[in-house]
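Listed below, chain by chain, are the residues.
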Amino acid sequence: MKYIPASLTCLFLAAAFLAHDARAQVSVRKRPNPGEISPLDISGFTASADPAAALFRKTLEEDLLRSGWFAIIHSGRGEYAVTGSAEAGGSDVKAMCEVFDVSTRERLLGKAYSLRAADARRLAHKVADEIVLAITGKPGIASSQIALVGAQGGKKELYLCDSDGASLRQITRDKTLNLSPKFGPGGKMLVYTTFFSRFPDVCLYDLASGRRTIVASYPGLNACGAISPSGRELALTLSKDGNPDIFIMDMASKRLTRLTDTRKYAEASPAWSPDGRRIAFVSDRGGSPQLYVMDRAGGGAERISSLGSENVDPDWGVNGYVACSTKLGGRYQISVINPETKEVSQITNDGLDYEDPSWAPDGRHLVCTVRRNYRSSLFIIDMMTGVKVALLSDKQGGDWSMGDWSQE
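Residues numbered from 1 in each chain as written. Predicted model: local features only at pLDDT ≥ 70, side-chain atom pairs only at ≥ 80, totals over all residues. Heavy atoms only, no water.

(A) Examining the overall build of the chain more closely. Scanning the chain from N- to C-terminus turns up 3 helices and 29 strands. Taking 408 residues into account, the globule formula puts the C-alpha radius of gyration at 22 Å, and the chain, at 22 Å, falls close to it. Taken along the three principal axes of its C-alpha coordinates, the chain extends 65 × 50 × 45 Å. The 408 residues of the chain split such that 51% are buried. Summed over all atoms, the accessible surface of the chain reaches about 18500 Å², with 51% contributed by carbon and sulfur. Charge-centre separation for the chain: the mean point of 49 positive side chains lies 3 Å from the mean point of 47 negative side chains. (Helix = DSSP H or I, 4+ residues; strand = E, 2+ residues; numbered from the N terminus. Rg over C-alpha atoms; globule rule 2.2 N^0.38 Å. Buried < 20%, exposed > 50% of the residue type's maximum accessible area, 1.4 Å probe, protein only. Areas by Shrake-Rupley, 256 points an atom, 1.4 Å probe, with all protein chains shown as cover. Lys, Arg positive; Asp, Glu negative; His and termini not counted. Charge placed at Lys NZ, Arg CZ, Asp CG, Glu CD.)

This is the structure we're talking about:
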């Protein structure tokens, strides 16, 4: 049987269903340039022997290294320095953290933290993100989450994990197909496609309460949901009127607005721009699956993809770029498109298939599905250094795909 990549699932399903004052004085501090790795001395940050404090210290160092901005040094002279301590007291873990620019001795961060000892890793993620922000001015990714699909025993369920792959937990147990999870703003809600009723429906999942609501179960295809940055609208693909097209659903009233009406072609995989004013999507109107961008109100769709024979599964990052999976020489690789200029950059180039890219909140990292030897797994790609790191270890088993990165 010919292999059909997960990134084409939605489209193939669709086809099957037919200001400051300018005079004010400001201080200017040199920040790391994109791709620049700064030596960060953390030898001055200590931790007590308590397991929670030791876990905090270990997680903090790993998070800072994973950010891609720093080379961690434990002695000698770094460009930046982190000092302070972590210790456990009673049922809490407490940390005091200071960050300095070594050359100027400017203190960039000074703060005390406290959280339950059981949440030592979560506290370390928070501190790591604040260190990254203080030094680089860019958001960190340690506190963010990744939603993913896990396939074990022939069924596909939804899971969540931390940005480093830890704390993996299963959130659906439907014993069916659950696909294409997408976070809403704030990381509190997921929208996904479920075959719980044996037909593709769009479902909302409240991560706090565990409550699930089917929001689209019209005759035909209901798939590829994406919640708008405002959280008030849902873009999705429906074929209830015969032809698969992109619709917008008002989340409060459930009123639908049809955005595309191409009669004989399939549109799928809507992805919102960060400001919510435009939508990227996949259409085969040109003879093969390609990426287009249209206004939120619909109409005026413009093709933005040019590399390869197919371009699918768009994700629009906070950096303004659209990542996608591009078919080149029979393999799917990750590429990034500037929707304004249509310039494209190929990111991966090897004998593996790369699918389902999703931007991290820092606009620097991507999570994507990598398929090799008939198995799929998730990898993190640092777009500035090219470093690829497996999100989950082989110990988890199964197949992992369709990762979506929360933006908080």
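Once you've had a look at it, read on.
(B) Geometry of the environment of Tyr159. Mapped onto the fold, Tyr159 is located in strand 7 (residues 155-162). Classification of Tyr159 by relative accessible area gives buried; the value is 8%. Each C-alpha atom of the pair Tyr159 and Ala142 lies 18 Å from the other, and the pair is 17 residues apart in sequence. If we ignore the near neighbours within four places in the chain, the residues touching Tyr159 are Ile146, Ala147, Leu148, Gly150, Gln152, Leu168, Arg169, Gln170, Ile171 and Trp400. A polar side-chain atom of Tyr159 sits 3.3 Å from a polar atom in the side chain of Gln170. (Contact = heavy atoms within 4.5 Å. Polar contact = N/O pair within 3.5 Å; in protein donor to acceptor, adjacent residues only side chain to side chain.)

(C) The arrangement of the nonpolar core in detail. Counting residues in hydrophobic clusters, the biggest one holds 31 residues, and the most contacted among them are Leu40, Phe56, Leu60, Leu64, Cys97 and Ile131. Those elements giving two or more residues to this core turn out to be strand 1 (38-47), helix 2 (51-66), strand 2 (70-73), strand 3 (80-89), strand 4 (92-101), strand 5 (106-116) and helix 3 (120-136). Examining the composition of this core, we find that 9 residues originate from one element, helix 3, more than from any other. Excluding residues within four positions of it along the chain, Cys97 makes contact with Phe45, Val82, Thr83, Leu109, Gly110, Lys111, Tyr113, Val127 and Ile131. (Core = buried A, V, L, I, M, F, W, Y, C linked by side-chain atoms within 4.5 Å.)

(D) Up close: the environment of Ile214. Within the element layout of this structure, Ile214 appears in strand 12 (residues 212-216). With relative accessibility at 44%, the residue Ile214 sits in the partly exposed group. Taking C-alpha positions, Ile214 is 20 Å from Leu160, a pair spaced 54 residues apart along the chain. Discounting residues that sit within four places of it in the chain, Ile214 has contacts with Thr194, Asp201, Val202 and Cys203.

(E) Highlighting unusual backbone geometry. At Arg198, a residue that is not glycine, the phi angle is positive and equals roughly 80°. For Arg198, the location among the structural elements is in the loop between strand 10 (189-194) and strand 11 (201-206). For Arg198, a relative accessible area of 70% puts it in the exposed group. Positioned with a positive phi, Tyr374 is a non-glycine residue whose angle comes to about 65°. Here Tyr374 is to be found in the loop between strand 26 (365-372) and strand 27 (375-382).

(F) Spotlight on the sheet that holds strand 21 (residues 310-316). Read from one edge to the other, the open sheet built from 4 strands follows the order 21-22-23-24, with strand pairing classed as antiparallel. This sheet does not close on itself; its edge strands, each paired only once, are strand 21 and strand 24 (344-346). Each strand axis lies, on average, 30° off the axis of its neighbour in the sheet, ignoring direction. Relative to strand 24, strand 23 (residues 331-337) is paired through 3 bridges, and the arrangement is antiparallel. The residue of strand 24 that forms the bridge with Val336 is Ser345. (Pairing = 2+ DSSP bridges. Axes fitted to C-alpha atoms, helices over the stretch in contact; angles between N-to-C directions.)

(G) Representation of the packing of helix 2 against helix 3. Closest axis-to-axis distance for the helix 2/helix 3 pair is 8 Å, and the angle between their directions is 40°. The handedness of the crossing between helix 2 and helix 3 comes out as right-handed. Seen from helix 2, the contacting residues are Ala52, Leu55, Phe56, Thr59, Leu60, Asp63 and Leu64; seen from helix 3, they are Ala120, Arg121, Leu123, Ala124, His125, Val127, Ala128, Ile131 and Val132. The class makeup of the residues in the contact of helix 2 with helix 3 is 12 nonpolar, 2 polar and 2 charged. (Left-handed = near helix turned anticlockwise from the far one by under 90°. Nonpolar A, V, L, I, M, F, W, Y, C, P; charged D, E, K, R; others polar.)

(H) Layout of the pattern of salt bridges. Summed over all chains, the structure comprises 24 salt bridges. A salt bridge links Asp174 to Arg212; its shortest N-O distance comes to 2.7 Å. Pair noted here: Asp174 is in the loop between strand 8 (169-170) and strand 9 (178-183) and Arg212 is in strand 12, with a separation of 38 residues, a long-range link. By relative accessible area, Arg212 is classed as partly exposed at 38%. The partner of Arg285 in a salt bridge is Glu267, with the nearest N and O atoms 3.2 Å apart. One end of the pair, Arg285, is in the loop between strand 18 (278-283) and strand 19 (290-295); the other, Glu267, is in strand 17 (residues 267-272), and 18 residues separate them in sequence. The partly exposed category is assigned to Arg285, whose relative accessible area is 26%. Classification of Glu267 by relative accessible area gives buried; the value is 0%. Three or more residues are tied together by salt bridges with common partners; here these are Lys240, Asp241, Asp245, Arg258 and Asp261. (Salt bridge = Lys/Arg side-chain N within 4 Å of Asp/Glu carboxyl O.)

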